[in-house]
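# Observations on the model geometry
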Amino acid sequence: MPQETLGKNKTPHCSVAFKYMFHSCRIPRRETDTYRMYDPSRSTHVIVVRKGCFFAMDFVDSITHEPLPIHVLTSQLEQIVQMADTSKSS
């Protein structure tokens, strides 16, 4: 798999930043924002945003604690798209 690069100079993208993209959030503060990182093994859902609508989507089976199959995730995403597209707020 080729390394990701940024910009026209093709600067290599450092993967260290990924830990701040997932399992974390920015917390607004008056002087300076802070961030909090969470244990990824405790996450069982993601928040999906489409057309200003927010949805919680499970990606782990609540009984077996195994990741859900791709076809289940795809179906959930398709349902989210349909709900957001037919929402009155869109």
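Model, not experiment: these values are computed from the prediction.

## Re the overall build of the protein chain
Regarding its fold elements, the protein chain presents two helices and six strands. Each helix and strand of the protein chain, ordered N terminal to C terminal, gives the series β-β-α-β-β-β-β-α. At 17 Å, the protein chain has a C-alpha radius of gyration far larger than the 12 Å of a compact globule built from 90 residues. With the C-alpha coordinates of the protein chain rotated into their principal frame, the extents come out at 40 × 40 × 30 Å. Burial analysis of the protein chain (90 residues in total) assigns 11% to the buried set. Relative to all contacts within the protein chain whose residues are 6 or more apart in sequence, the contacts with residues 24 or more apart total 17%. Surface summary for the protein chain: the accessible area is close to 8,000 Å², and the carbon and sulfur share equals 57%.

## Some words on the nonpolar core
Ranked by size, the top nonpolar core spans eight residues in total: Val48, Cys53, Phe55, Met57, Leu68, Leu73, Ile80 and Ala84. Residue assignment for this core shows that the elements contributing at least two residues are β6 (53–58) and α2 (70–86).

## Comments concerning the side chain of Gln76
Assignment of secondary structure puts Gln76 in helix α2. Among the residues examined, Gln76 registers a relative accessible area of 18% and is labelled buried. Ignoring anything within four residues of it in the chain, the contact list for Gln76 reads Met57, Asp58 and Leu68.

## Notes on a nonpolar patch on the surface
On the surface, Val16, Tyr20, Tyr35 and Met37 cluster together to form a nonpolar patch covering roughly 410 Å² of accessible area. Here Tyr35 shows up in strand β4 (residues 34–37).

## A word on the pairing of strand β3 (residues 24–27)
Judged from the four bridges that link them, β3 and β4 form a sheet pairing that is antiparallel. Along β4, the bridge assignment pairs Ile27 with Thr34.

## Side note on the confidence of the model for the protein chain
When pLDDT is averaged along the protein chain, the result is 87, and 97% of the positions lie at 70 or above. Averaged pLDDT values for the elements of the protein chain fall to 71 in helix α1 (residues 18–21) and rise to 96 in α2.

## Things to note about α2
With 17 residues, α2 extends 24 Å between its outermost C-alpha atoms, agreeing within 8% with the 24 Å of an ideal straight helix rising 1.5 Å per residue. Looking only at α2, the buried set comprises Leu73, Gln76, Ile80 and Ala84. On an axial view of α2, the arc spanned by its buried residues comes to 65°, and they lie on one face. Projecting away from the buried face of α2 at angles above 90 degrees are the exposed residues His71, Glu78, Gln82 and Thr86. Structurally, α2 contributes buried residues whose contacts are with β5 (45–50) and β6.

Cut-offs used in this document
Residues numbered from 1 in each chain as written. Predicted model: local features only at pLDDT ≥ 70, side-chain atom pairs only at ≥ 80, totals over all residues. Heavy atoms only, no water. Helix = DSSP H or I, 4+ residues; strand = E, 2+ residues; numbered from the N terminus. Rg over C-alpha atoms; globule rule 2.2 N^0.38 Å. Buried < 20%, exposed > 50% of the residue type's maximum accessible area, 1.4 Å probe, protein only. Contact = heavy atoms within 4.5 Å. Areas by Shrake-Rupley, 256 points an atom, 1.4 Å probe, with all protein chains shown as cover. Core = buried A, V, L, I, M, F, W, Y, C linked by side-chain atoms within 4.5 Å. Patch = residues over 30% accessible without salt bridge, like charges linked within 9 Å, V, L, I, M, F, W, Y side chains within 5 Å. Salt bridge = Lys/Arg side-chain N within 4 Å of Asp/Glu carboxyl O. Pairing = 2+ DSSP bridges. pLDDT = per-residue confidence, 0-100. Expected span 1.5 Å × (residues − 1). Arc of directions from axis to C-beta.

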